[in-house]
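Coordinate analysis (summary)
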Amino acid sequence: MKRFLLPLVIFVVLVGFLAVGLTLNPREVPSPLVGKPAPAFLLPQLHEQDKTFSPSDMAGQVWLLNVWASWCGGCKEEHPVLMRMAKAGEVPIYGMDYKDRRDEALTWLRRHGNPYPLTAVDEAGRIGIDYGVYGVPETYVIDKQGVIRYKQIGPLDDELVAKTILPLVQELRNK
Amino acid sequence: MRWFAFILLLIPAMVQAEEAKPLAENSVAEARLKQLAVELRCLVCQNQTLADSNAPLAEDLRREVREMIAKNMSDQEIIDFLVQRYGDFVLYRPPWKASTTLLWIGPFLLLIGGAITLVMALRRRGQGLADAPVTDEERRRVEQLLSQVERRS
């Protein structure tokens, strides 16, 4: 009986490791940017091309930066959530149209609704690289000092918004 | 009909696979890019290197690396640039840290554990074999059997 004890322990440990491994999402790579200042940029706006947008315009406010594209499937899934958030008006959501065509992006917003006060256009994807974007949609929570406090990779859902995003926004506002 | 078949046979000769685009015009820079890109992970298709992947992000990152090479940045500076944005995950060789200790020493621990188990098992087996004394009667029987075998051959 005793000789089976050690293999059994090894087996259980191995199963434990594999079980934990199964619950991890390989797409959720911890971002080194959380806790660091949001990279600066100056990008043209989607609707008014001659105007620009920079994160420094948002200094003193807690806001969300949502990276999206008209070609992105997850963005479509996420969109109703953003629309509900915009309607509730609890936190401003600014868009960044990532590696997209302007006309297609505009059509997409017209069709599905526009939750953003304004959208910046990152056509070449360079700012996306500065923000460590690798799978749209991605959402950043940025505090009054312009520091990234949270990064969501992949679509937001109602539960995440209610349980994580909004409480965090509230906390950052009160600071 | 025969002509038609002939034309059909010509089709494969006209088809050409699109070749991979050269990574950079300058061959020295290209060599450096290749060297760096096999060390870096594409974040979209996570089991491919930046050199292998055709994902748009990988293309963008190659462009970025190429520009940094053109700016004469060192390999370490380029890697730091990417790690700052994407974390250690972009590196195929993760750095030695508290969180990666198990990753680095785990295989050696397993090796040592295996070696210890092997030595212990061999020792136990050695102890199990007790000396069996042979009596004179048995010795005579053995010799008799052996001589029978010799006679037969």
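Residues numbered from 1 in each chain as written. Chains lettered and ligands numbered in written order. Predicted model: local features only at pLDDT ≥ 70, side-chain atom pairs only at ≥ 80, totals over all residues.

1. Things to note about the overall build of chain A
Within chain A, the secondary structure is distributed over five helices and seven strands. Helices (α) and strands (β) of chain A occur, in sequence order from the N terminus, as α-β-β-β-α-β-α-β-α-β-β-α. Relative to the compact-globule value of 16 Å for 175 residues, chain A shows a C-alpha radius of gyration of 20 Å, a clear excess of over 25%. On the principal axes, the C-alpha backbone points of chain A span a range of 80 × 40 × 30 Å. Buried positions account for 37% of the 175 residues belonging to chain A. Of all intrachain contacts in chain A linking residues separated by at least 6 positions in sequence, the fraction that spans at least 24 positions is 74%. (Helix = DSSP H or I, 4+ residues; strand = E, 2+ residues; numbered from the N terminus. Rg over C-alpha atoms; globule rule 2.2 N^0.38 Å. Buried ≥ 20, exposed ≤ 12 C-beta atoms within 10 Å, placed from the backbone. Contact = placed C-beta atoms within 7 Å.)

2. Here we look at helix H1 (residues 5-23) of chain A
Taking 1.5 Å of rise per residue, 19 residues should cover 27 Å, and H1 of chain A covers 27 Å from first to last C-alpha, within 8% of that figure. The element H1 of chain A is largely exposed, with a buried count of zero among its 19 residues. (Expected span 1.5 Å × (residues − 1).)

3. Let's talk about the interface of chain B and chain A
Reports of interface size often rely on the accessible area that becomes lost once the parts have come together. Contact residues are listed per partner, giving 14 residues for chain B and 12 residues for chain A. Those elements that provide at least two residues to the side of chain B that touches chain A are helix H3 (56-70) and helix H4 (75-86) of chain B. Of all the elements, H3 of chain B adds the most residues to the side of chain B that touches chain A, at five residues.

4. Things to note about the domain arrangement of chain B
Once the domains are mapped, chain B shows domain 1 (20-95) and domain 2 (97-129). In this structure, domain 1 of chain B and domain 2 of chain B have C-alpha centres spaced 38 Å apart. (Domains from an automatic or database assignment.)

5. Brief notes about the confidence of the model for chain B
When pLDDT is low, close inspection of the predicted coordinates is not appropriate. Residues of chain B with pLDDT of at least 70 account for 85%, and the chain-wide mean is 81. Scored by ipTM, the complex comes to 0.73, with pTM at 0.72. (pLDDT = per-residue confidence, 0-100.)

6. Quick look at the packing of helix H2 (residues 27-37) of chain B against H3 of chain B
Residues and elements named next belong to chain B. At a minimum axis distance of 10 Å, the contact between H2 and H3 shows a crossing angle of 130°. As the angle between them shows, H2 and H3 are arranged oblique. When you trace H2 past H3, the crossing you get is right-handed. Here Ala-29, Arg-32, Leu-33, Leu-36 and Ala-37 of H2 come into contact with H3, specifically with Arg-62, Val-65, Arg-66, Ile-69 and Ala-70. (Axes fitted to C-alpha atoms, helices over the stretch in contact; angles between N-to-C directions. Parallel < 35°, antiparallel > 145°, perpendicular 65-115°, else oblique. Left-handed = near helix turned anticlockwise from the far one by under 90°.)

7. Observations concerning the environment of Gln-76 of chain B
All names here are of chain B. With respect to the secondary-structure elements, Gln-76 resides in helix H4. The exposure class assigned to Gln-76 is exposed, which follows from the 8 C-beta atoms found within 10 Å. Residues Gln-76 and Glu-138, 62 residues apart in the sequence, show an inter-C-alpha distance of 77 Å.

8. Things to note about the pairing of strand E5 (residues 119-122) of chain A
All names here are of chain A. Burial along E5 is two-sided: the face carrying Thr-119 and Val-121 and the face carrying Ala-120 and Asp-122 are both buried. The pairing of strand E4 (residues 93-98) with E5 spans four bridges and is classified as parallel. Note that in E5 the partner of Asp-97 across the bridge is Val-121. Remark: the E4/helix H3 (residues 102-112)/E5 crossover connection has right-handed handedness. (Pairing = 2+ DSSP bridges. Right-handed = clockwise from strand over helix to strand, strands pointing away.)

9. Here's the deal with the pairing of strand E7 (residues 148-153) of chain A
All names here are of chain A. As paired elements, strand E6 (residues 138-142) and E7 share five bridges and run antiparallel to each other. By the bridge assignment, Ile-142 is partnered in E7 with Ile-148. Turn length for the E6-E7 hairpin, with the two strands adjacent in sequence and antiparallel, is five residues, and the turn residue Gly-146 shows positive phi of about 80°.

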